Amino acid sequence: MQYLRYFFLLVVGEIFLSGSISAITITSNDSIVVKYADKYTFKIAELNKYIVDWLYHKKYKTREEVYRNALHDMLINQLKRMDFFDRGLDNDTNLIKSISRVVNEELVAEYFKSQYLNKYTTEENVKNVYSTMGRKIVYRQIELVKSENITPQQLDSLEKKALQIKLEIEKGKDFNGLIKKYSSNNIASMQQVDWKQALLDPVANVVFKLNEGDVRIINTPNSLKIVEITEVQSVNIPPFEVAKSEISTYLKNISYTPAYEEFENDKIKLIDENKLTWDTTALEQIAFWSYTPDFYEDKYSQVLSEEIKKGNNKIILKYDDLSVDYKKFIYLLDNILILKSNGNITAGTLKNFLLEALRTEMIVKEAERLNLKKNIFNAFTDDIVLKNQIVYLYNQAVIESKIPSVTEQAIYDFYMKHKDDLYYQLEKRNIFVVVFTSKEEAEEAYKKINDGIPFEKVKGSYLVKTYTKERNGEIKSLRKEEKPLFGKIAFTLKESEVTKPIEFTEENQKKYALIKCYKIRPEKQLTFEEAKDSVIEDYKNYHRNEIKQEVEKYLMKKYNPMVNEEVMKKLINDNNSI
């Protein structure tokens, strides 16, 4: 059983950012790159992370392109998220339906954090830990190991021995001698305990609270430890405001497991499984449908809805005054949890899923009652999935919905307006090229081709090149960065024709090539019917870009971002900044 998240990466076009904030002289990770809406900022560390996370350093060649495009996209996406909530789009039920499961998943996580995990990291707890940071305990110990199946009598004897050792230590007997005489580990060594160990290890916690000269017997599951505190050291510590972040993070890390166990135990108690009544027939029917490929991706709603329309809305589960029928099952799949079918969904699997989904729904409702949704579903959410989904929904509501309808007359008018540029088909040549380092090799290969060996097999590998001829006669390679080295020759060949060995120079080396014209696409004016599919997409893209540019202008005016050009220039010129 898994949560399925949907991911959307938005690519937005170029926009010029104007204005500047007051210059700063030190380009550190905390330096501000842009300020927007008068009070919010993006810093260098955030911009560099965005570049790496979204591979801008791979997409663009120059640092100027990397930083300008990354800043633009990061900023515009953030402004869209802000405008999403300013417009009240978060209250549009139909719009946000597609992400309700993701939102609810994060809401459960927020509930766990606020109601369970945060109990361990309260200000009071952090201050209590801070008060102990200034000490470090140095101690030594003698360990008496308990045998695996120790009897009460043997344990009593071991405890008496521990008391005897404790008395001998307190009388000043040589500790090293006592270690050799009694300890399972007869290596004499000093050990230390600081505040972190004290929080993590029960034995260390006891030791940490002792004073210099104290001797204690500590009973553990596997042994009795007789410890003597030899020194209590003072440790320099930073001010509380500096240290509290480290303490809080450490408390969260060590508290996650007990907090989660408490959360899971409480969740199980939400439903008494002894009071459940299941409809085996309904469960087996759903299990049968579950074998349908992609059933839990895009088919479950249609299949179950058709059954409901037939008047066959079976009740799968009853619990007190609660029931789950097919309609409720659709709701749970749409909004709470989704099953990831591995082709082995059984009635038992469905029972477990429904119990998990119903308990999760109860937690979601409680989280909503506590008004926790605002903590995760907002313009500044840290959740990467929600970040991108909010931008996606914004684009759907503000851009996609404004694209004019695709009518026959509209796309025909668009075709007529652009037929001479977009729908004029340039002549194109696709060629295969085999390269040799010597003329003799090329001539031998040419002879083999004439003897009937296919061009593509004469060497075992070949290059594929594509060239177009502009209306002014200029020949261009399909790959913009590539020079049309064989372009002129390509346009002299007939389809399937093979050249004799051709000498050329590459990287200051003389080489030889055989060229085969694989396919010729003739120059011609495409008719409306021939171009229709492309016209429809071009029509939508044209209006989409127009609307997008208008939206971006509106966002820039509304939130007034101001770029620190001094910082940007330093970033662009600093080879070590990413």
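These figures come from a predicted structure and were not determined experimentally.

(A) Structural view of the overall build of the protein chain. When you go through the protein chain residue by residue, the secondary structure sums to 22 helices and 17 strands. The dimensions of the protein chain, computed from C-alpha atoms along their principal axes, are 105 × 75 × 65 Å. Here the protein chain, with 578 residues, has 41% of them falling under the buried criterion. Partitioning the contacts of the protein chain with sequence separation of at least 6, the portion at a separation of at least 24 is 73%. Carbon and sulfur atoms form 48% of the exposed surface of the protein chain, whose accessible area is close to 33200 Å².

(B) Highlighting the pattern of salt bridges. Applying the stated criterion across every chain, the model contains 35 salt bridges. For Glu241, the salt bridge goes to Lys244, with nearest N and O atoms at 3.0 Å. A residue pair is termed a helical-turn pair when its members lie 3 or 4 positions apart in one helix, as Glu241 and Lys244 do in helix α11 (residues 240-268) at three residues. With a relative accessible area of 28%, Lys244 lands in the partly exposed category. A salt bridge links Arg359 to Glu273; its shortest N-O distance comes to 3.0 Å. A residue pair is termed long-range when its members are at least 10 positions apart, and Arg359 in helix α15 (residues 347-369) and Glu273 in the loop between α11 and β7 (276-278) qualify at 86 residues. Take Glu273: its relative accessible area is 43%, and that puts it in the partly exposed class.

(C) View of the sheet that holds strand β17 (residues 562-563). Read across the sheet, three strands follow the order β2-β1-β17 without closing on themselves; strand pairing throughout is antiparallel. The open sheet terminates on both sides in strands that have one partner only, identified here as β2 (40-43) and β17. With two bridges connecting them, strand β1 (residues 32-36) and β17 associate as antiparallel partners. Within the sheet, the bridge partner assigned to Lys35 lies in β17 and is Met562. Helix α1 (residues 44-53) rests against β1 and β2 of the sheet, and its axis sits at about 60° to β2. Here helix α3 (residues 63-86) sits on the sheet in contact with β1, β2 and β17, set at roughly 30° to β1.

(D) Structural context of the packing of helix α18 (residues 408-418) against helix α21 (residues 528-559). Here α18 crosses α21 at 95°, and the two axes come no closer than 9 Å. Judged on the interaxial angle alone, α21 and α18 are roughly perpendicular. Packed against α18, whose contacting residues are Glu408, Ala410, Ile411, Tyr412, Phe414, Tyr415 and Lys417, the element α21 presents Phe528, Ala531, Lys532, Val535, Ile536, Asp538, Tyr539 and Tyr542 at the interface. Residues belonging to the contact of α18 with α21 are distributed by class as follows: 11 nonpolar, no polar and four charged.

(E) Region of the structure containing the side chain of Asn378. Along the chain, the position of Asn378 falls in the loop between α16 (373-376) and α17 (384-398). A distance of 2.8 Å separates a polar atom in the side chain of Asn378 from the backbone oxygen of Lys374. Separated by 2.8 Å, the side chain of Asn378 and the backbone nitrogen of Phe380 make a polar contact. Non-local contacts of Asn378, meaning those with residues more than four positions away in its chain, are made with Phe85 and Ile390.

(F) Layout of the packing of helix α5 (residues 100-115) against α11. Interaxial distance between α5 and α11 falls to 10 Å at its minimum, and their mutual angle equals 115°. Of the possible angle classes, the one that applies to α5 and α11 is roughly perpendicular. Viewed along their axes, α5 and α11 form a crossing whose handedness is right-handed. Seen from α5, the contacting residues are Val108, Tyr111 and Phe112; seen from α11, they are Tyr256, Ala259, Tyr260 and Phe263. Partitioning the contact of α5 with α11 into residue classes produces seven nonpolar, no polar and no charged.

(G) Inspection of the confidence of the model for the protein chain at higher detail. Overall, the prediction assigns the protein chain a mean pLDDT of 91, with 93% of residues at 70 or greater. Mean pLDDT values for the elements of the protein chain range from 87 in helix α8 (residues 175-182) up to 97 in α3. This model gives residues 1-27 a pLDDT under 50, and the stretch forms 80 contacts once residues within four places in sequence are excluded.

(H) Quick look at the nonpolar core. One finds Leu47, Leu79, Phe84 and Phe377 to be the most contacted residues of the largest nonpolar core, which totals 62 residues. The greatest single-element share of this core, amounting to 11 residues, is contributed by α3. Ignoring sequence-local partners within four residues, the contact set of Leu79 consists of Tyr36, Leu555, Met556 and Tyr559. Membership of the second largest hydrophobic core comes to 31 residues, among which are Ala287, Tyr326, Ile345 and Leu355.

(I) Up close: the pairing of strand β5 (residues 215-219). Of the pairings in the sheet, the one linking β5 to strand β6 (residues 223-234) comprises five bridges and is antiparallel in character. Note that in β6 the partner of Ile217 across the bridge is Ile226. Where β5 folds back onto β6 in an antiparallel hairpin, the turn is made up of three residues.

(J) Quick look at the packing of aromatic side chains. Tallying each qualifying case throughout the model produces 32 aromatic pairs. Ring plane angle 75° and centroid distance 5.3 Å describe the contact between Tyr130 and Phe240, whose orientation is recorded as edge-to-face. Remark: Phe240 occurs in helix α11 and Tyr130 occurs in helix α6 (residues 123-130); sequence separation between them is 110 residues. The same class applies to Tyr130 as to Phe240, namely buried.

(K) Representation of the sheet that holds strand β12 (residues 463-469) in the model. Pairing in this open sheet of five strands is antiparallel, and the strands run β13-β12-β11-β15-β14 from one edge to the other. Of all the strands in the sheet, just β13 (475-477) and β14 (502-506) have a single pairing partner and so form its edges. Across the sheet, the mean angle separating the axes of adjacent strands is 45° when strand polarity is ignored. As defined by bridge partners, strand β11 (residues 427-436) adjoins strand β15 (residues 509-521) across nine bridges and the pair is classed as antiparallel. Residue pairing across strands places Val435 opposite Ala513, the latter belonging to β15. Each of β11 and β15 touches helix α19 (residues 439-450); the most contacted strand, β15, lies at about 30° to it.

(L) Summary view of the pairing of β1. Sheet topology note: the β1/β2 ladder contains four bridges and is antiparallel. Within β2, the position partnered with Ile32 by the bridge is Lys43. Between β1 and β2, which pair antiparallel one after the other, the connecting turn spans three residues, and Ala37 there sits at a positive phi close to 55°.

Calculation criteria
- Residues numbered from 1 in each chain as written.
- Predicted model: local features only at pLDDT ≥ 70, side-chain atom pairs only at ≥ 80, totals over all residues.
- Heavy atoms only, no water.
- Helix = DSSP H or I, 4+ residues; strand = E, 2+ residues; numbered from the N terminus.
- Buried < 20%, exposed > 50% of the residue type's maximum accessible area, 1.4 Å probe, protein only.
- Contact = heavy atoms within 4.5 Å.
- Areas by Shrake-Rupley, 256 points an atom, 1.4 Å probe, with all protein chains shown as cover.
- Salt bridge = Lys/Arg side-chain N within 4 Å of Asp/Glu carboxyl O.
- Pairing = 2+ DSSP bridges.
- Axes fitted to C-alpha atoms, helices over the stretch in contact; angles between N-to-C directions.
- Parallel < 35°, antiparallel > 145°, perpendicular 65-115°, else oblique.
- Nonpolar A, V, L, I, M, F, W, Y, C, P; charged D, E, K, R; others polar.
- Polar contact = N/O pair within 3.5 Å; in protein donor to acceptor, adjacent residues only side chain to side chain.
- Left-handed = near helix turned anticlockwise from the far one by under 90°.
- pLDDT = per-residue confidence, 0-100.
- Core = buried A, V, L, I, M, F, W, Y, C linked by side-chain atoms within 4.5 Å.
- Phe/Tyr/Trp six-rings, centres within 6.5 Å; stacked < 30°, edge-to-face > 60°.

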